[in-house]
Structures are given as C-alpha cells and as structure tokens.
Amino acid sequence: MLIYRGLSRISRISKKTSFGRRWLPSHPLLSGASHSAAAAAADSSVKVLGCREAYSWSLPALHGIRHQIHHQSSSVIEEQLDPFSLVADELSILAKRLRSMVVAEVPKLASAAEYFFKMGVEGKRFRPTVLLLMATALNVRVPEPLHDGVEDALATELRTRQQCIAEITEMIHVASLLHDDVLDDADTRRGIGSLNFVMGNKLAVLAGDFLLSRACVALASLKNTEVVTLLATVVEHLVTGETMQMTTSSDQRCSMDYYMQKTYYKTASLISNSCKAIALLAGQTAEVAILAFDYGKNLGLAYQLIDDVLDFTGTSASLGKGSLSDIQHGIITAPILFAMEEFPQLRTVVEQGFEDSSNVDIALEYLGKSRGIQKTRELAVKHANLAAAAIDCLPENNDEDVRKSRRALLDLTHRVITRNK
Amino acid sequence: MLIYRGLSRISRISKKTSFGRRWLPSHPLLSGASHSAAAAAADSSVKDSGNISLSKTREAYSWSLPALHGIRHQIHHQSSSVIEEQLDPFSLVADELSILAKRLRSMVVAEVPKLASAAEYFFKMGVEGKRFRPTVLLLMATALNVRVPEPLHDGVEDALATELRTRQQCIAEITEMIHVASLLHDDVLDDADTRRGIGSLNFVMGNKLAVLAGDFLLSRACVALASLKNTEVVTLLATVVEHLVTGETMQMTTSSDQRCSMDYYMQKTYYKTASLISNSCKAIALLAGQTAEVAILAFDYGKNLGLAYQLIDDVLDFTGTSASLGKGSLSDIQHGIITAPILFAMEEFPQLRTVVEQGFEDSSNVDIALEYLGKSRGIQKTRELAVKHANLAAAAIDCLPENNDEDVRKSRRALLDLTHRVITRNK
C-alpha cells in the first residue's frame, strides 16, 4: 500500500500538495526506480482506461519492499489515511437519521426494522463509507460563486442528497439481509440473534418489506428518476442473485462465469449502482458516472473474492481454519471453481454434495493441492487494481478534500485485499 | 341499482345522452316521485355522520331501505329494456384487461427460470383473480379523461392520449404487481395452503421462493414506477407498500384493547385493503393532469370502495352465499381475526368480549360468538356501514367535473355500478 501511494505521490510531486507530513523523495527504492518498477509490476491483464500507471499487489518483491518501508519510516506510518475515520462523523449523523427513518407506527414493526441499525450492531458500514468518500471525491466546485451563502446552500443540499443515497443503500442492504436470513433459517447475524430467530419469520419478512418501502419513498424524494431506476434495479439484482444461488443446475454451479455473474448481482451491484447514483446526483458526466460505477463494481467483486478465500483460511494462511460455511451450505465459490479446473475429478465430489463432511475433507485436500486460493487472490487483486484505476482516471482536481478522499478510496482497494477477517 | 341509475339519469335528462336504449321517463315510480323518493330514501345516518365531505352533491342514496329494494326488483322485472342497459363494468374494460395481462406477464419475465415461474404464478391465464383493481383503475382513467381542447390535428391528439393511456395502464399493472407481492408474502406469513383455488406458491415451491418472488415483483414495480418519471406517483405507491406492511403487522401484533377497537380495525382495514386502490386512483388522476381537488375525489372513491368491499367481505365470511349465519367459511374468526360484525356485536353484548379474549382455538368459543352475533345487529350494522362507504364512493364520482363525452359518462356510470356491486355481491 505504501509503495502504491508513494509511487502515485511521486507522479504527482509536481502538483501542489498541502499534506502535512511529506513523503521522503530521496528513498533509494523510489526515486529512480519508480516508473520501471511500476512498469515491471504491471499485470498485463489489467485493463486500464487511459491511465498512466498500473500496479499489481501480487509480486513478492514489492511486497517485501512495502514492509521494509513500513518499518523504516515512521512518518510514512502517520500518513496512513484511515478511510473510515475520514467519514466517521458523517456516518454518525447518517446512523441517527437512518434510525429516525425507520420509525414505524406499530411498535413491533419499529423494533424489527431498526434491529440492525441499533448502536453497536451497524456492521462494518463499509458501503456508506465508500459512498461518502465517493461523494467528496467527485465534488464539483461551483466555479464562480455569487457569494458564500449561495455556494454553501447548494453544496449542503447536494451533500444531503448524497447522504440520502447512503441511507437508502443501507436500508436496501439490511432488507436483503433480513429476507436472506429467513431464507437461510439463520440463527445469528452480526454477532446477535438474527431477527427471524428472535422475532419469527413473519416479522422478518414484513420488516424487510417495510425497509424496502421506506427506501422507495426516500428514493422518490430525490426527484431523480434515473437514480430511482438504478436502485430499483439493485433490488431486482439482489433477488436474482439470491435465486441464482438457490436454483443452480449442476453445470451452472461449476461455471466460473455463472459464479461471477451471481456475485455481481448479490454483492457488487448495490455498491456499483449507488456509486453511479452519487455521481449522477453530483451532476457529473456520463463518463465519470461510469468510472464511479466501475470503482464500486470492482471493489465489490474484490471484496467478495477475498471473502471466499477467508471462508477457507480464516485468519490463518492455511486451509481449513476458516468457518467453511460456504462449502458446508453447498455453495461453490471461486477457490473450488479454480481447483476444479486443475482437478476435474473434484467435480464429481462437488456433484455429490457436501452434506457428507468427508466430502468436505476431500475437497479441501484438492484445494490444498491446487492453486485455487492463489488464483482467487490474484483475481481479487486484478479487480482491486481496476477499481484503483477508475479512481486514477477521474478528472484532475486540486481541492485537498477531494484528493484526500480519492486517496482514501484507493486505500480501500488495498484494504479489501489485505484484510484477514 | 336500477333506481339509482334511473334517478341519476332523470336528474340529467336535460343533458345530451347518446345512450342507445333510452330509459322510459313515463314510469310512474320515476317521473314525479323521483326526487322526493330520493329524499325520503336518504339515510339520515349518512348525512348526520358528518364524515361525508360532499362538496357539490345533490342527492344521497341508501340501499338498505326495504321499500327501495322492493321497487328495484319491480322495475327489474317490468322493463326488459332496462335489463339491457345494465352496464357490466368488467366488460367495458375486458379487452384492455387482456392487453394488461399479457404485458404483466412479460414484465415479470426473469432471467432465472424458477424465479420467472414463481413471479408469474398468479398472473397465469385463469388465475388472475377477479382483477377488480385494474378494472377500477381503467374505468377511472376513462372517467377522468381530459380532452385536449384545441387539437392541432388528430395525429397529435391521438399520440398524447395514447401515451397517457399507456401510463395509466402502467399504474394498473404496478398495482397488480404490488398486490400479488403482498399476497405472496402474506401466504408465507400465514402458512396458507391455497390461494385463488390453486396451491399457494409457498406451498408449492417453498417459503424461500415465495419471499424472493414477492421481492422480485416489488422491484419490478419500482422500476416500472420510475419509468413514469413522476415522483409524486412513486411516493404514493411506495407509501402503499408501507401501508400494506403496517396493516399486516397491525393484524399480527394487536393488544387486547386494540383487537376490540373499531377505530383500530378500520385503520388496519384501510392499510390492508383500501390504501392500494385509493392511492392508485389518485395516481391515475395525477397522471391525467387533473387538479388536486379531482385527485382527492379519485382517492375518496377508491378508499370508500375498498372499505365497503372489505366490510362485505367480513359479512360473507360469516354468512357465505346464504343469508344466515355460520354458513360462511368462518376463516377470520378461526384465525382469531376480529372483524366488524363481531366488533359491533361486542358493543351490544359486552360479555362477548370475554369470549374474544379467550381466543378461538377452542371451537366452542366460535359457536358462542356466533350465537351472540346472531342475537345482535352486528351483521346488519356492518352492512349499513358498507353501504355508507359505498354511497361516499358514489358521491365522489358525482362530484367530478361535468363531462359530455360518452365514454367518460359510461365509465362514470360503471364506477357507480361498482359501488353497488360491492354491496350486493354474495361471494
């Protein structure tokens, strides 16, 4: 991560930065060797939309360099931007507003709907963080403000509308969680009893519907029908993705294309379309809106692929220490799909199903012998790079908040790859 | 119904009608006596309730007086031409409904085959239900038709009118999708086995798919709503979904006091049954570019029609196709759902409340409740309340701005006819 930012900062060293603590340009690894290292590091499979550099996380050399720099320069550590802290205050405001938006007349419905918005149970709030950062990253300054008052009011109104997108996204997300838990007969979610476990399936279904309807009303209030269409389509995608997962034929279960399509629907569509909505509300061009979409899509896909890996490896690097919940539920994810390409006999095991836990062991054995885990990580890195590339292609902007947010978005593309839980 | 239309036609006899078969103005019961009969027939409780917001209505009618009832039957048999003039609201829109049904089936096509079968489960030919709501909405669309005053040439006028009609049909389709989505989810909640005479979806395909199919329909409805590019309409119909959920939750989670409260019951009934039709009617009006006042009239029509419909539904659950108690399916009371007839009976017989609070898992409590109900005027009072709401619905139509177009007048008559049919149906 540090190399990445270092390299990108060097390439911008001619531009004005008001960063408090400055990078050390004299570092041997960075001054002369930067661009060639970057070129060498470029993964040829990365599709770059007119960008200047492409990076890869997978080369062990860079990995080693990164760790060296980390330990050698303490000022570098301080510059580590925490994307989540950039937006923490705003997130609290959103959380409060979200809780008020799901107030319902009927007490039980209110408790059900706000179940997952309670303090302490809001989840990682990953999506709202991305969306708020994107909103700042795409900030279009009013070129000739009449006077400060006018500019502020417009900017505030825009910001409120973009925050609304973040709230709507959370409502849609939680609604889908509520329904999914009903579907999966899940007992726990986010460390507490799932709503259906605590209050019954009926109320969970109703609460999900309630959140969806509130999301629709909030959407309508934005008075932007393209945005409404985008987010309504997300709901449809969530449903389609879940159904794809439930009703696959044998061929489909073993198909990487089907899996990626399903993953897009289930995980990436929400964040990609919300990012695009943020861009549209900001009055950005269609081209920028597509970049925002691409960022969200690739970030979401990278996130899910690492999720798949962690389900096998857990916090350790070795297999079988993860929760293994995917495979135990018969859900075939990327690592197994890659392993099947190397070991076709694994397909027979997959088709038998995994209710028999000895099949799980056999599958893990094949997985260990294969490059399934590594290939999944590589695919995740590829998507993370695509996301980062999208940010790099955004129109130049000298505003410090904009640049900070863009750096934070880049940082997130790294965090989704390196997280281990 | 015939008296009603007869009276209303007489009051308009000075206006141009191009109705093929003309009413016989010399009928003794109708010529001189009409207005005074109407006045006498007016149910005083309707006027006194003060709930009616009738802005410019001239008469109010009641269906419940036996005298009128007898007269109605006399006319029915004496004049065959009157029978032919009987307008069937459903046949007025039958062709359009087929187009809607086809479009609806295409709108719920899904990538994933199982989802597609699930979603279109209730749109299949023969299982579309009574299609009551789309009928009302299409009739309302015509009834509120605003003619372009100075058409440049026929082509322009037709294109605009066609586009408007398509958008209004879209409201009808969206309404059906929302309605079926709520049915799917309700059936999951109620563990229902059958719906519309066939296996309920959850019974046939499992709860999971029923939940997903409902979500799918809702999302398709949202996308369709967005395509109308009218955010007030989006808000109206999104609010309907919220109301459906609230109503269902009210039904599931009542306290003892709430279950015995008529106000709570009417509020729940509005949310569960009437909100959908009232807000869609209002949406139809808004799309037609009508004033806020007319939009409210459309809303009132839908609301009162829906309430009347549900109240008669409550009665039929006790009486079935017979006039006597206990021949209906009794499914409400057996599920512990306390409806208007029982609520009225409890006002007369407070001791019935004790039975209600014990619950109805014990079927002997059902028998006791039926006994009290029979002794009380619960059924009659519920019918009267239904009639009151049907009248309010009819009054709303009468208050619509004058319009000489024959299609408009036909549709308004059909809407009036529906206010009668919801009262007199026996299944």
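Residues numbered from 1 in each chain as written. Chains lettered and ligands numbered in written order. Predicted model: local features only at pLDDT ≥ 70, side-chain atom pairs only at ≥ 80, totals over all residues. Heavy atoms only, no water.

A tally of regular secondary structure across chain B gives 22 helices and two strands. Partitioning the intrachain contacts of chain B with sequence separation of at least 6 by distance along the chain shows that 75% fall at a separation of at least 24. As displayed, chain B has an accessible area near 18,200 Å², and 53% of this comes from carbon and sulfur atoms. (Helix = DSSP H or I, 4+ residues; strand = E, 2+ residues; numbered from the N terminus. Contact = heavy atoms within 4.5 Å. Areas by Shrake-Rupley, 256 points an atom, 1.4 Å probe, with all protein chains shown as cover.)

Turning our attention to the packing of aromatic side chains. Residues and elements named next belong to chain A. Applying the stated criterion across every chain, the model contains six aromatic pairs over all chains. Each ring, one from Phe343 and one from Tyr366, has its centre 5.5 Å from the other, and the planes form 50°; the classification is tilted. Of this pair, Phe343 sits in the loop between helix 18 (334-342) and helix 19 (345-352) while Tyr366 is found in helix 20 (residues 357-369), placing the two residues 23 residues apart along the sequence. For Tyr366, a relative accessible area of 16% gives the class buried. (Phe/Tyr/Trp six-rings, centres within 6.5 Å; stacked < 30°, edge-to-face > 60°. Buried < 20%, exposed > 50% of the residue type's maximum accessible area, 1.4 Å probe, protein only.)

On to the interface of chain A and chain B. Each partner contributes residues to the interface: chain A has 35 residues there, and chain B has 35 residues. Buried surface at the junction of chain A and chain B, summed over both partners, amounts to about 3,400 Å²; 74% is from carbon and sulfur atoms. Run the count over chain A and chain B and you get two salt bridges. Where Arg214(A) meets Glu242(B), a salt bridge forms, and the shortest distance between an N and an O atom there is 2.7 Å. Counting the contacts that link chain A with chain B gives four residue pairs in polar contact (both at pLDDT 80 or more). At the level of elements, helix 8 (107-113), helix 10 (148-184), helix 12 (201-221) and helix 13 (225-246) of chain A are the ones that each hand at least two residues to the side of chain A that touches chain B. (Buried area = accessible area lost by both parts, 1.4 Å probe. Salt bridge = Lys/Arg side-chain N within 4 Å of Asp/Glu carboxyl O. Polar contact = N/O pair within 3.5 Å; in protein donor to acceptor, adjacent residues only side chain to side chain.)

Here we take up the confidence of the model for chain A. Residue and element names in this part refer to chain A. Predicted confidence across chain A gives a mean pLDDT of 77, with 71% of residues reaching 70 or more. Confidence, expressed as mean pLDDT per element, reaches its minimum in chain A at helix 2 (residues 28-31) with 35 and its maximum at helix 21 (residues 372-392) with 97. Note that pLDDT drops below 50 for residues 1-78; the model gives that stretch 99 contacts with residues more than four away or on any other chain. (pLDDT = per-residue confidence, 0-100.)

All names here are of chain B. This prediction gives chain B a mean pLDDT of 76; 69% of its residues lie at or above 70. Note that residues 1-84 has pLDDT below 50 and, in this model, 99 contacts with residues that lie over four places away or in other chains. We note a pTM of 0.73 for the whole complex and an ipTM of 0.71 for its interfaces.

Here we take up helix 12 (residues 207-227) of chain B. Residues and elements named next belong to chain B. Across its 21 residues, helix 12 extends 30 Å between first and last C-alpha, which sits within 8% of the 30 Å expected from 1.5 Å per residue. In terms of burial, helix 12 is a largely internal element, 17 of the 21 residues being buried. Taken from the residues just after helix 12, Lys229 is the one with a positive phi, measuring 50°. (Expected span 1.5 Å × (residues − 1).)

It is worth spelling out helix 22 (residues 406-424) of chain B at this point. Residues and elements named next belong to chain B. For helix 22, built from 19 residues, the straight-helix expectation of 27 Å at 1.5 Å per residue is met to within 8% by its first-to-last C-alpha distance of 27 Å. Burial within helix 22 is extensive, with 15 of its 19 residues counted as buried. Two or three places before Asp407, at the opening of helix 22, Asp405 has a side-chain oxygen 2.9 Å from that residue's backbone nitrogen.

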